[in-house]
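If you want the building blocks of each chain, they are given just below.
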Amino acid sequence: MSNPSSTAKYRRVLIKLSGEALMGNEAYGIDPDMISRIAGEIAELSKQGTEVAIVIGGGNIFRGTGLAASGIDRVTADQMGMLATIMNSLAMQDALERINLHARVMSALKINEVCEDYIRRRAVRHLQKGRVVILAAGTGNPFFTTDSAASLRAIELGAELLIKATKVDGVYSSDPMKNKDAVRYDTLSYDEVIERKLGVMDTTAVVLCRDNNMPLRVLNMTKPGSLLKAVQGEDEGTLVE
């Protein structure tokens, strides 16, 4: 059973990783160097005693809404997207196990030949034993994003912090890639995120966090050490609470 170190503010966290974060400098798929670096940072969190769960998107392979826009049935498109998240989750499990960190993939879709079914009590037990739990296939339902899945699983598993790991260092008033005058926020309330339509996560995910008092921190995954700083309670990125 894991025991938090004196430097860890949070005993258990859930990290939401976009599928695009795994692409690194590639145009598609998974960049081996990027997934190895992310695995190394997660290992640092685990070594200091923090229990880590991960939800990974599938946008580097398939994105359900994009496929639906091209004419594919929305339910079918979302199911394809869920399968993409399972592929990413298996890749992350492999990257973690290559550095001797025990990990388990648990899927909301039944796919027993390659990973476990998601059962909340079993997931909690894995976390208590110091294993990283990678939660695949979103909620298992179409029309729900992996952002919503991350909020739901963070609440179900009793996480103390939900981290959304992105390619920007927090939440901005507008897209900082398009507007050089965009303002970064240090802190926001859930209602401010919703009312200003800041696009941190989809509205369902933010409402779930708000109604269950789940703090959300948005940070830059490409910045070395950002995860560790967030878990140690430092002002990394933007805090929504």
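Residues numbered from 1 in each chain as written. Predicted model: local features only at pLDDT ≥ 70, side-chain atom pairs only at ≥ 80, totals over all residues. Heavy atoms only, no water.

Peer 1: Teacher, can you tell me more about helix α7 (residues 203-211) here?
Peer 2: Given 3.6 residues per helical turn, the α-helix brings residues three or four places apart onto the same face. Residues of α7 that are buried include every one of Ala-205, Val-206 and Cys-209, and no others. Buried residues in α7, looked at end-on, bunch into an arc of 95°, giving them a common side. The N-cap of α7, judged by a side-chain oxygen 3.0 Å from the amide nitrogen of Thr-204 a few residues on, is Asp-202. Once α7 ends, the next one or two residues include Asn-213, with phi positive near 55°. (Buried < 20%, exposed > 50% of the residue type's maximum accessible area, 1.4 Å probe, protein only. Helix = DSSP H or I, 4+ residues; strand = E, 2+ residues; numbered from the N terminus. Arc of directions from axis to C-beta. Polar contact = N/O pair within 3.5 Å; in protein donor to acceptor, adjacent residues only side chain to side chain.)

Peer 1: I'm lost on the pairing of strand β5 (residues 132-136) in this one. Help?
Peer 2: In regular strands, side chains alternate between the two faces of the sheet. The element β5 is largely enclosed, with a buried count of five among its five residues. What you see with β5 is no split at all: Val-132, Ile-134 and Ala-136 on one side and Val-133 and Leu-135 on the other are buried throughout. As judged from the three bridges shared by strand β2 (residues 51-56) and β5, these two strands associate in the parallel manner. Looking at β5, one finds that Val-55 is bridged to Leu-135. In the sheet, strand β3 (residues 103-107) pairs with β5 via five bridges, with the strands oriented parallel. Looking across to β5, one finds that Ser-107 is bridged to Ala-136. (Pairing = 2+ DSSP bridges.)

Peer 1: Would you take a moment to explain the side chain of Glu-51 for this structure?
Peer 2: Position of Glu-51 among the secondary structure elements: in strand β2. Here the side chain of Glu-51 touches Arg-12 through a polar contact of 2.7 Å, side chain to side chain.

Peer 1: When you look at the nonpolar core in this model, what are you seeing that I'm missing?
Peer 2: Grouped burial of nonpolar side chains is what soluble globular proteins tend to show. Ranked by size, the top nonpolar core spans 36 residues in total, and within it Ile-15, Ile-42 and Met-92 carry the most contacts. Looking at this core, the elements that each hand over two or more residues are β1 (12-17), α1 (32-47), β2, α3 (74-97), β3, β5, β6 (161-166) and α8 (226-231). Among the elements that take part in this core, α1 stands out by supplying seven residues, more than any other. Setting aside its immediate chain neighbours within four residues, Ile-15 contacts Ile-42, Leu-45, Val-52, Ala-53, Ile-54, Val-55, Ile-163, Ala-165 and Leu-227. Membership of the second largest hydrophobic core comes to 30 residues, among which are Ala-154, Leu-157, Tyr-185 and Val-200. (Core = buried A, V, L, I, M, F, W, Y, C linked by side-chain atoms within 4.5 Å. Contact = heavy atoms within 4.5 Å.)

Peer 1: When you look at the sheet that holds strand β9 (residues 187-188) in this model, what are you seeing that I'm missing?
Peer 2: Strands belonging to one sheet form pairs held by backbone hydrogen bonds; the direction of such a pair is parallel or antiparallel. The sheet built from nine strands is open, its strands ordered β4-β3-β5-β2-β1-β6-β10-β11-β9 with mixed pairing. Every interior strand has two partners, whereas the edge strands, β4 (116-117) and β9, have only one. Relative to β5, α3 is tilted by about 165°, and along the sheet it contacts β1, β2, β3 and β5. Of the strands in this sheet, β1, β2, β5 and β6 touch helix α5 (residues 146-156), which is tilted by about 175° from β1. (Axes fitted to C-alpha atoms, helices over the stretch in contact; angles between N-to-C directions.)

Peer 1: Explain unusual backbone geometry to me, please; I cannot follow it from the model alone.
Peer 2: When glycine is set aside, most residues are seen to have a negative phi, and most peptide bonds are trans. Although it is not a glycine, Asn-100 adopts a positive phi angle of roughly 65°. Relative to the elements of secondary structure, Asn-100 occurs in the loop between α3 and β3. Backbone geometry places Phe-143, a non-glycine residue, at a positive phi of 75°. Relative to the elements of secondary structure, Phe-143 occurs in the loop between β5 and α5.

Peer 1: Is there a simple way to think about the packing of α1 against α3 in this case?
Peer 2: Closest axis-to-axis distance for the α1/α3 pair is 9 Å, and the angle between their directions is 65°. Between α1 and α3 lies a crossing of right-handed hand. Mapping the contact onto sequence places Ile-35, Ile-38, Ala-39 and Ile-42 in α1 and Ala-91, Met-92, Ala-95 and Leu-96 in α3. Residues belonging to the contact of α1 with α3 are distributed by class as follows: eight nonpolar, no polar and no charged. (Left-handed = near helix turned anticlockwise from the far one by under 90°. Nonpolar A, V, L, I, M, F, W, Y, C, P; charged D, E, K, R; others polar.)

Peer 1: For this particular structure, what's the right way to read the packing of aromatic side chains?
Peer 2: Two aromatic rings are characterised by how far apart their centres lie and by the angle between their planes. Going through the model one piece at a time under the given rule, you end up with zero aromatic pairs. The ring of Tyr-118 is capped by Arg-153, whose NZ or CZ atom sits 3.9 Å from the centre of that ring. (Phe/Tyr/Trp six-rings, centres within 6.5 Å; stacked < 30°, edge-to-face > 60°. Lys NZ or Arg CZ within 6 Å of the ring centre and 35° of its normal.)

Peer 1: In this structure, what is going on with the layout of surface pockets? I would like to understand it.
Peer 2: The gaps left among the atoms become clear once a water-sized probe is rolled over them. Computed from the structure, the largest pocket encloses a volume of approximately 940 Å³. Considering the residues around the largest pocket, the lining is formed by 45 residues, among which Lys-16, Ser-18, Arg-63, Asp-147 and Lys-164 are closest to the centre. Mapped by element, the contributors of at least two residues to the lining of the largest pocket are α2 (64-69), α3, α5, β6 and β7 (171-172). Of the residues in the lining of the largest pocket, the class split is 13 nonpolar, 20 polar and twelve charged. (1 Å grid on protein atoms, 1.4 Å probe; cavity = no way out; pocket = protein on both sides within 12 Å on 5 of 7 lines; lining within 4 Å. Points joined across faces, edges and corners; volume = space filled by probe spheres on them.)

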